[in-house]
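Residue strings, one per chain:
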Amino acid sequence: MLYSIFRIHNNLFGVPIISILEIVRYSRFYPVMGSPEIIDGLINLRGKVVPVINSGLVLDGEKVTPSDDSRIYIFKNNLELNDALGDGFNSEISSDNIGLHVDSVCNVLHVDKQELQQVPENISHPFYSYVVRKNEEFIIILKPSQILNLDIKPTQNHELKFRYQI
Amino acid sequence: MNDLKALKQFLGEMSERVEDLEEGLRELEIAYSLDVINKLFRATHTIKGGCGFFGLTKITQLSHALEDLMMKIRDGEVTFQSNMIENLYVACDALKDMLDAPDHGDSFDIAFICSDLSKLIKDSINIQSVGEAEIASLNENTIQDIKEIKTNEIIPGGYEPSPENNQEAKNNYKNADLTVGEMQIEDKFKEEKTRVPVEPEEIGQTLGGETIKVKVELLDRLMELTGEIVISRNQLLRQFSESVNKSTLSTMAQMISDLQQLVLETRMQPIGGTLTKFNRVVRDLSKQVNKPIRLKIKGEETELDRGIIEALSDPLTHMIRNCASHGIEDAKSRMTQGKDPTGSIWLSAKNEGGQVAITIEDDGAGIDAFKVKNKALNLGLISSKEFEEISELDAINLIFSPGLSTAEVVSDLSGRGVGMDVVRSIVEKLGGVISVESNKGIGSKFVIYLPTTLTIMSSLIVRIDGDRFAIPHSELKEVILVRLDDEIQIEKIMDREVFRLRGSLIPILEMREITGIRNLDPNKIINEDETRRERMFLVLNSGATQFGVVIDSIDHTEEIVIKPLPIILNNHSYYAGSSILGDSDVAMVLSANGICQSQKLNTQDLNSHHTIRKSMMEHQIIDMQEKQDLLVFRFGDEHQFAVPLSLINKIERIESNQIENIAYKKSVNLDGKNILLVFLDEFLELPPLLDKQNSYFVITTKIERFEVGIIASSIEASINTKLNLDAPPIYNNIVLGITRLHERITMVLDLFSLAEKVSPERFKAKDYSVVPLEKDQLLVIDDTPFFRDLEKKYFESVGFHVTVASNGKEALEILMQKPSKFNLVISDIVMPVMDGYELVNIMKNTPELLGIPIIALTSFAEEGHHKKALAAGFDGYAVKTNKETILQAVNSFLVAE
């Protein structure tokens with residue numbers, strides 16, 4: 001299966017290419033007043049309004065800041081994904097297109113099923129599905145469906161940190 | 001998977017055919033015609049054929065029995081009788097249920113329905129004395145044969161029966177040993193032949209014209225893209241606005257506009273289907289409630305956005321049910337009232353000035369306003385005071401309040417207490433309004449006005465904290481700008497900001513408060529200074545609740561397409577969605593209902609709170625004086641004075657050498673007139689002006705016959721402020737009082753007294769020619785002790801007897817003790833406890849006090865306040881600091897008597 005590899009701070013992450021609709025440059029975020037910080041805002045994707053999640057904050061790290069290198073992964077919605085998977089498959093990702101803001105795009109890798117390894121206990125995270133060691137590099141494969149279905153609560157009374165539901 | 005999809009689509013089409021069937025039955029009920037029978041026949045035929053193809057045996061069986069009956073009626077073998085209708089409806093309902101059932105009716109017991117139907121045929125044929133046995137066998141054969149033909153002909157992918165098949169089938173019939181049946185089957189066969197190729201076209205056909213079915217998602221996407229094209233076009237036009245030859249561009253721009261219009265139209269569909277289904281509803285209801293009711297439908301062709309049509313179905317059902325169960329009386333009581341025993345309900349739709357009006361009217365008993373308000377009182381929706389005062393129309397409108405139902409007996413039809421409030425909220429969600437009219441004994445009428453399209457909404461684009469937001473005009477009531485010097489300001493009650501909007505208190509919210517980010521960052525807490533600026537807010541409506549949302553500025557008005565919130569942001573209920581604006585920016589769309597719910601706003605709480613506060617104020621009168629424009633000037637370096645700007649005519653600068661001495665008095669020539677100069681040190685204990693000053697200012701007044709100029713050494717400012725006057729330290733009647741302006745002690749002059757002092761003969765003698773009689777009693781109402789005393793002094797100086805009160809409530813108490821005592825009431829407008837407007841309202845509605853003229857007295861001299869006061873019911877109006885007009889006003893009323 002093909003994976004698109006991207007960088008968040010100094011770590012490499014991958015998501016299955018089939019789940020991605022497109023990757024766009026950072027243009028402009030329109031803030032949603034009242035949304036938690038992990039929502040960077042909305043972007044105008046050729047007439048479609050797409051919310052963008054800050055990958056850094058989702059993965060408990062530092063915030064990814066917009067730069068020339070930063071990119072937004074636009075994930076397919078359920079319909080688009082199932083169309084791509086073809087008949088007989090039924091997979092859930094998210095009912096809307098959602099963007100994930102990352103530091104930079106690296107490359108596309110072919111990873112065989114047997115190369116996927118369990119996530120070591122010490123770095124276990126609800127959004128990690130597997131790890132891969134390839135070309136001396138350590139790549140974490142993410143579960144997009146988990147990230148895109150976060151239970152986002154509007155900010156209320158000092159509550160700055162979002163709570164993710166596992 | 002494909003099969004399943006096809007079946008699903010097929011079932012959808014079959015439901016439409018069943019609807020045709022229902023409609024046909026209703027028509028049949030009114031009058032028999034061959035056309036209707038043909039229609040019914042076609043519908044059952046299609047159902048039978050299709051279900052046979054998909055192997056839905058039970059449905060095929062039933063529709064066949066139905067078709068058989070139709071065919072026989074059509075061919076005149078069976079005479080149609082109105083008692084058949086009931087059976088037909090039963091069959092129709094069964095078909096409907098079977099189509100909806102998960103097993104497509106395989107588990108249904110339809111034998112009795114089928115046997116009932118065939119019994120109808122038999123009975124009828126018996127009458128026509130045709131051999132029973134013969135027909136029975138014929139029936140059986142026909143069923144078998146036709147089934148064969150169908151299966152032969154309907155081949156997936158090709159509807160046209162092949163000639164061979166035709167021939168073969170024909171031959172089959174030729175060989176059949178049937179004589180009586182032959183002609184009939186030939187007929188039947190012809191019917192099959194002509195019908196089958198037509199079917200695919202007929203499916204999905206609406207009113208006239210050729211149509212095809214298109215997926216809604218496709219239309220939505222088309223719509224989005226068109227929106228984006230429009231935006232790009234606008235950008236292009238801006239980019240090439242300088243270029244000389246842009247004819248191609250403008251042609252394209254025009255075409256894009258047309259395209260957008262057409263795409264919008266694709267979402268429109270006639271409301272007909274939704275309206276006509278009520279025929280059945282009314283028919284059933286009529287049976288259930290045992291009242292004869294007829295429904296008349298008009299305007300089925302009226303087009304609306306499909307989203308709106310879908311959403312309308314439930315509220316309309318509810319209202320029609322209401323008409324049938326509450327509105328229409330039973331036949332007996334209708335007869336005694338001289339009405340047609342059959343009740344009527346009219347349901348109509350029509351285009352009306354860019355909107356669609358849907359009317360639901362009945363000729364029933366109407367809404368009993370008293371019952372409604374009684375119920376509202378019992379539920380605590382209105383107070384007993386409101387109960388007395390509420391107008392009939394307002395009372396009827398209470399039916400839109402939650403939990404209110406006037407049905408005495410709660411039935412399964414209505415009276416469950418959920419109802420018109422839900423109807424109203426649905427209508428409002430669609431951007432519409434609903435109104436009600438009712439005449440007791442004649443009927444009631446509901447009108448729903450709706451925008452024709454849901455997706456495009458005219459909205460106001462505003463800025464809040466740098467971000468842009470859109471608010472649909474349908475939810476926006478008004479925009480209010482509160483200036484620093486306005487009469488009514490945003491006040492604070494229990495840490496919540498409120499605004500008095502035409503008598504009711506509305507909460508004022510900041511977006512930061514709504515979104516909950518207000519307290520997030522301690523640096524963002526608004527400091528007190530910020531509240532001392534001009535503020536603008538939107539007044540939004542959510543049902544009966546009104547509230548304000550503070551904005552920074554207004555951008556413009558735009559037609560926007562509202563896109564639903566992505567699910568990930570669903571918890572942000574204060575947004576209705578987002579939208580892409582003309583310049584391709586994204587703006588959040590505010591939702592009045594959402595904000596109201598998320599903030600749990602309840603204006604009633606606030607108002608009752610206000611009442612508590614009011615009673616507190618009775619003990620401690622809070623200074624709520626009006627503001628006034630003042631001209632501030634100095635006499636010498638030390639002494640500052642102020643006069644009401646409304647009394648100032650002109651300010652001119654003169655050189656000291658222009659001052660002339662005439663008969664020991666100083667005067668100056670301005671515009672050809674000799675103006676007597678007034679040096680304030682002559683009237684007040686002030687140090688005289690030093691001679692070395694080269695120029696002075698001369699202030700002339702608007703007071704008639706007081707052609708003097710007041711000398712000022714410098715003009716400081718013209719300000720608008722609350723006048724907090726203290727009594728002057730030294731009694732002197734040309735000083736109204738002292739106050740602090742611009743960090744200085746300032747004396748506010750009473751120009752009329754000054755005029756009297758300067759030329760006593762002219763004023764006293766001419767002006768106050770009215771000699772008040774002993775009985776002339778005045779009631780003066782003012783909350784500020786200083787002004788109250790001043791006014792009292794004015795009137796007493798010309799001979800009136802004056803009683804004083806400090807607010808409207810106190811005044812009412814005094815008046816009610818002895819209404820005949822007073823000839824005239826002079827009242828301030830802005831007062832605590834009960835203001836002037838409220839007072840005048842009560843006085844004009846109290847018979848004993850109706851005859852007493854009341855004059856408004858305020859410090860505002862502007863025309864607007866004048867009109868407002870007269871409109872509120874005041875008989876006259878005078879400016880507080882203007883003694884002359886006060887006395888004139890008083891004079892005119894006493895003389896008129």
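Everything numeric here is computed off the predicted structure, so don't read it as measured data. (Residues numbered from 1 in each chain as written. Chains lettered and ligands numbered in written order. Predicted model: local features only at pLDDT ≥ 70, side-chain atom pairs only at ≥ 80, totals over all residues. Heavy atoms only, no water.)

Caption draft 1: Representation of the overall build of chain A. Counting secondary structure elements, chain A contains three helices and ten strands. The linear arrangement of helices and strands in chain A, starting from the amino end, is β-β-β-β-β-α-β-α-β-β-β-β-α. Of all 166 residues assigned to chain A, the portion counted as buried reaches 52%. Counting contacts in chain A only where the partners sit at least 6 residues apart, residues at least 24 apart contribute 59% of the total. For chain A, the computed accessible surface area is about 8,400 Å², with 46% contributed by carbon and sulfur atoms. (Helix = DSSP H or I, 4+ residues; strand = E, 2+ residues; numbered from the N terminus. Buried < 20%, exposed > 50% of the residue type's maximum accessible area, 1.4 Å probe, protein only. Contact = heavy atoms within 4.5 Å. Areas by Shrake-Rupley, 256 points an atom, 1.4 Å probe, with all protein chains shown as cover.)

Caption draft 2: Molecular detail of the overall build of chain B. Summing up its helical and strand segments, chain B has 27 helices and 34 strands in all. Scored against the burial criterion, the 897 residues of chain B give a buried share of 49%. A separation of at least 24 residues holds for 66% of the contacts in chain B among residues at least 6 apart in sequence.

Caption draft 3: Summary view of helix 2 (residues 78-85) of chain A. Residue and element names in this part refer to chain A. Within helix 2, the full set of buried residues consists of Asn78, Leu81 and Asn82. The buried residues of helix 2 occupy an angular sector of 95° when the element is viewed end-on, so they sit on one face. Exposed side of helix 2, more than 90 degrees from the buried face: Leu79 and Asp83 are the residues found there. Two residues or fewer after helix 2 comes Gly86, characterised by a positive phi angle close to 90°. (Arc of directions from axis to C-beta.)

Caption draft 4: Spatial organisation of a nonpolar patch on the surface. On the surface, Ile212, Val214 and Leu218 of chain B cluster together to form a nonpolar patch covering roughly 320 Å² of accessible area. Note that Leu218 of chain B resides in helix 9 (residues 216-239). (Patch = residues over 30% accessible without salt bridge, like charges linked within 9 Å, V, L, I, M, F, W, Y side chains within 5 Å. Salt bridge = Lys/Arg side-chain N within 4 Å of Asp/Glu carboxyl O.)

Caption draft 5: Here's a closer look at the packing of aromatic side chains. All names here are of chain B. A complete count under the given rule lists ten aromatic pairs over all chains for this structure. Ring plane angle 65° and centroid distance 5.9 Å describe the contact between Phe370 and Phe387, whose orientation is recorded as edge-to-face. With Phe370 in helix 14 (residues 369-378) and Phe387 in helix 15 (residues 384-389), the pair connects residues that are 17 residues apart, well separated along the chain. Judged by its relative accessible area of 12%, Phe387 falls in the buried class. Consider the rings of Phe633 and Phe641, whose centres lie 5.8 Å apart with planes at 20°: the pair is stacked. For the pair Phe633 and Phe641, a shared accessibility class is recorded, and that class is buried. A cation over a ring is seen here: Lys373 above Phe387, with NZ or CZ 5.0 Å from the ring centre. The lysine or arginine in question, Lys666, covers the ring of Phe679, its NZ or CZ lying 5.1 Å from the ring centre. (Phe/Tyr/Trp six-rings, centres within 6.5 Å; stacked < 30°, edge-to-face > 60°. Lys NZ or Arg CZ within 6 Å of the ring centre and 35° of its normal.)

Caption draft 6: Layout of the pattern of salt bridges. All names here are of chain B. Throughout the structure, instances matching the rule amount to 25 salt bridges over all chains. A salt bridge links Arg463 to Asp555; the shortest N-O distance between them is 3.2 Å. Linking Arg463 in strand 8 (residues 456-464) with Asp555 in strand 16 (residues 553-561), this pair joins segments that are 92 residues apart in sequence. Classification of Asp555 as partly exposed rests on a relative accessible area of 28%. Ionic pairing is found between Asp555 and Arg468, a salt bridge with its closest N-O pair at 2.8 Å. Of this pair, Asp555 sits in strand 16 while Arg468 sits in strand 9 (residues 467-472), and the two are 87 residues apart along the sequence.

Caption draft 7: Looking closely at the environment of Asn77 of chain A. Residues and elements named next belong to chain A. For Asn77, the location among the structural elements is in the loop between strand 6 (71-75) and helix 2. With relative accessibility at 13%, the residue Asn77 sits in the buried group. A sequence separation of 71 residues divides Asn77 from Leu148, and the C-alpha atoms of the two residues are 10.0 Å apart. Sequence-distant contacts of Asn77, defined by excluding residues within four places in its chain, comprise Ile93, Ser94, Ser95, Asp96 and Asn97. A distance of 2.9 Å separates a polar atom in the side chain of Asn77 from the backbone nitrogen of Glu80. (Polar contact = N/O pair within 3.5 Å; in protein donor to acceptor, adjacent residues only side chain to side chain.)

Caption draft 8: Local environment of the side chain of Ser63 of chain B. All names here are of chain B. Checked against the element boundaries, Ser63 lands in helix 3 (residues 57-74). Classification of Ser63 by relative accessible area gives buried; the value is 0%. Engagement of the side chain of Ser63 in a polar contact is seen with the backbone oxygen of Ile59, the distance being 2.7 Å. Only 3.1 Å separates the side chain of Ser63 from the backbone oxygen of Thr60, close enough to count as a polar contact. Setting aside residues no more than four positions away along its own chain, Ser63 makes contact with Thr44, Ile47, Lys48 and Leu95.

Caption draft 9: Highlighting the interface of chain B and chain A. The partner chain A presents 35 residues to the 30 residues of chain B that form the contact. Note on chain B versus chain A: buried area summed over both sides is about 2,700 Å², and carbon and sulfur give 63% of it. Scanning the region where chain B abuts chain A turns up one salt bridge. Taking the shortest distance from any N to any O, the salt bridge between Arg28 of chain A and Asp585 of chain B comes out at 3.3 Å. Run the count over chain B and chain A and you get five residue pairs in polar contact (both at pLDDT 80 or more). (Buried area = accessible area lost by both parts, 1.4 Å probe.)

Caption draft 10: Local environment of the sheet that holds strand 7 (residues 98-102) of chain A. All names here are of chain A. The five strands lie next to each other as 3-6-7-5-4, forming an open sheet whose pairing is mixed. Only two strands of the sheet have a single neighbouring strand rather than two, namely strand 3 (20-25) and strand 4 (39-45). Between one strand axis and the next, the sheet turns through 30° on average, direction left out of account. (Pairing = 2+ DSSP bridges. Axes fitted to C-alpha atoms, helices over the stretch in contact; angles between N-to-C directions.)

Caption draft 11: Just helix 2 (residues 34-54) of chain B, in detail. Taking 1.5 Å per residue, 21 residues should reach 30 Å; helix 2 of chain B reaches 30 Å between its end C-alpha atoms and fits that length. After helix 2 of chain B finishes, the residue Gly55 of chain B shows a positive phi value of roughly 75°. (Expected span 1.5 Å × (residues − 1).)

Caption draft 12: A look at the nonpolar core. The biggest cluster of nonpolar side chains holds 61 residues, and the ones touching the most others in it are Phe6, Ile53 and Leu142 of chain A together with Phe469, Leu540, Tyr575 and Ile595 of chain B. Counting residues in each nonpolar core, the second largest holds 46 residues, with Leu275, Val282, Ile297 and Val436 of chain B among its members. (Core = buried A, V, L, I, M, F, W, Y, C linked by side-chain atoms within 4.5 Å.)

Caption draft 13: Inspection of the sheet that holds strand 26 (residues 708-712) of chain B at higher detail. Residue and element names in this part refer to chain B. Reading across from one edge, 21-25-26-24-23-22 is the order of the six strands in this open sheet, with mixed pairing throughout. Only two strands of the sheet have a single partner each, and these edge strands are strand 21 (648-655) and strand 22 (660-662). Going across the sheet, the axis of each strand differs from the next one's by a mean of 40°, ignoring polarity. The pairing of strand 21 with strand 25 (residues 695-701) spans seven bridges and is classified as antiparallel. Within strand 25, the residue paired with Ile651 across the bridge is Ile699.

Caption draft 14: The arrangement of the packing of helix 12 (residues 306-327) of chain B against helix 17 (residues 420-429) of chain B in detail. All names here are of chain B. Packing of helix 12 against helix 17 brings their axes to within 10 Å, and their N-to-C directions diverge by 150°. The angle between helix 12 and helix 17 places the two elements in the roughly antiparallel class. Crossing geometry of helix 12 relative to helix 17 is assigned as left-handed. Here Ala311, Pro315, His318, Met319 and Asn322 of helix 12 come into contact with helix 17, specifically with Met420, Val423 and Ile426. Across the contact of helix 12 with helix 17, the residue classes break down as six nonpolar, two polar and no charged. (Parallel < 35°, antiparallel > 145°, perpendicular 65-115°, else oblique. Left-handed = near helix turned anticlockwise from the far one by under 90°. Nonpolar A, V, L, I, M, F, W, Y, C, P; charged D, E, K, R; others polar.)

Caption draft 15: The arrangement of the pairing of strand 28 (residues 735-741) of chain B in detail. All names here are of chain B. Of all seven residues in strand 28, six are buried, a share of seventy percent or more. Where strand 28 meets strand 29 (residues 744-749), six bridges bridge the pair, whose relative direction is antiparallel. Directly across from Val735, in strand 29, lies its bridge partner Leu749. From the end of strand 28 to the start of strand 29, which pair antiparallel, there are two residues, and His742 there has a positive phi angle of about 50°.

Caption draft 16: Spotlight on the side chain of Ser806 of chain B. All names here are of chain B. The topology assignment puts Ser806 in the loop between strand 31 (801-805) and helix 24 (808-817). Looking at Ser806, the relative accessible area reads 9%, which means it is buried. At 2.6 Å, the side chain of Ser806 and the side chain of Glu810 are in polar contact.

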